[in-house]
Structures are given as structure tokens and as C-alpha cells.
Amino acid sequence: MNEKQSVLSSSMEALTQNIFGMLIGFLILTWYGLSVKQSIWLQSIFFVTSYIRSFVIRRLFNKFG
């Protein structure tokens, strides 16, 4: 079975993974002493870069895999 994943499915998968990662990262960063504002700012940067990376890699695997 060689069913490809839709763009929407790729986006939803990347988004779901990154939301869970962001929540865990927020807890870890605040536990290590970062303020809530610092943690949110840092997690926002991580979230955007991780989402783009996950989505692009998923789409490349769908195109060439």
C-alpha cells in the first residue's frame, strides 16, 4: 500500500507534534527558572522552526518516498 499523505494531514501531524513538544518544553523551561514570558518567547521560536522542519521533511518523504 503506497498511499500518500495529504498536505492537510502533513500539516496537522506536524502541528500536533509541535504542540505537545511546546507544552513539555514550557514546563521544563519554567522549572529551570525562566520566567513565563521568556519561556513563551523561546517556545514560540522553537515551535515555528520545528513546525516548518517537520512539515517540509514530511512533504519531501511523500514526494520522493
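Data block above holds the structure.
Quick summary incoming for the structure in this document. Computed from a predicted model, the values in this text were never measured in an experiment.

1. What to know about the overall build of the chain
Part 1 of the argument: When helices and strands are counted, the chain shows two helices and zero strands.
Part 2 of the argument: Here the C-alpha radius of gyration of the chain, 15 Å, is well above what a compact globule of 65 residues would show, namely 11 Å.
Part 3 of the argument: Across its three principal directions, the C-alpha atoms of the chain cover 50 × 15 × 15 Å.
Part 4 of the argument: For the chain, buried positions account for 17% of its 65 residues.
Part 5 of the argument: Summarising the internal contacts of the chain: among those between residues at least 6 apart in sequence, 67% fall at separations of at least 24.
Part 6 of the argument: Surface summary for the chain: the accessible area is close to 5,200 Å², and the carbon and sulfur share equals 73%.

2. Re the environment of Y51
Part 1 of the argument: Its place among the elements puts Y51 in helix α2 (residues 36-64).
Part 2 of the argument: Since its relative accessible area comes to 22%, Y51 is described here as partly exposed.
Part 3 of the argument: Residues Y51 and Q17, spaced 34 residues apart in sequence, show a C-alpha to C-alpha distance of 8.4 Å.

3. Description of the side chain of N18
Part 1 of the argument: Locating N18 in the fold gives a position in helix α1 (residues 7-31).
Part 2 of the argument: Given the relative accessible area of 8%, N18 is considered buried.
Part 3 of the argument: Side-chain polar atoms of N18 contact the side chain of S50, separated by 2.4 Å.

4. Quick look at the packing of aromatic side chains
Part 1 of the argument: Taken as a whole, this structure holds two aromatic pairs when the rule is applied.
Part 2 of the argument: Look at W31 and Y32: their rings are 5.0 Å apart centre to centre, the planes differ by 80°, and that puts the pair in the edge-to-face class.
Part 3 of the argument: Owing to a relative accessible area of 61%, Y32 belongs among the exposed residues under this scheme.
Part 4 of the argument: With 6.1 Å between their ring centres and 15° between their planes, Y51 and F55 make a pair best called stacked. With Y51 and F55 both in helix α2, this residue pair falls four residues apart, about one helical turn.

Cut-offs used in this document
Residues numbered from 1 in each chain as written. Predicted model: local features only at pLDDT ≥ 70, side-chain atom pairs only at ≥ 80, totals over all residues. Heavy atoms only, no water. Helix = DSSP H or I, 4+ residues; strand = E, 2+ residues; numbered from the N terminus. Rg over C-alpha atoms; globule rule 2.2 N^0.38 Å. Buried < 20%, exposed > 50% of the residue type's maximum accessible area, 1.4 Å probe, protein only. Contact = heavy atoms within 4.5 Å. Areas by Shrake-Rupley, 256 points an atom, 1.4 Å probe, with all protein chains shown as cover. Polar contact = N/O pair within 3.5 Å; in protein donor to acceptor, adjacent residues only side chain to side chain. Phe/Tyr/Trp six-rings, centres within 6.5 Å; stacked < 30°, edge-to-face > 60°.

Nothing here speaks to function; it is geometry throughout.
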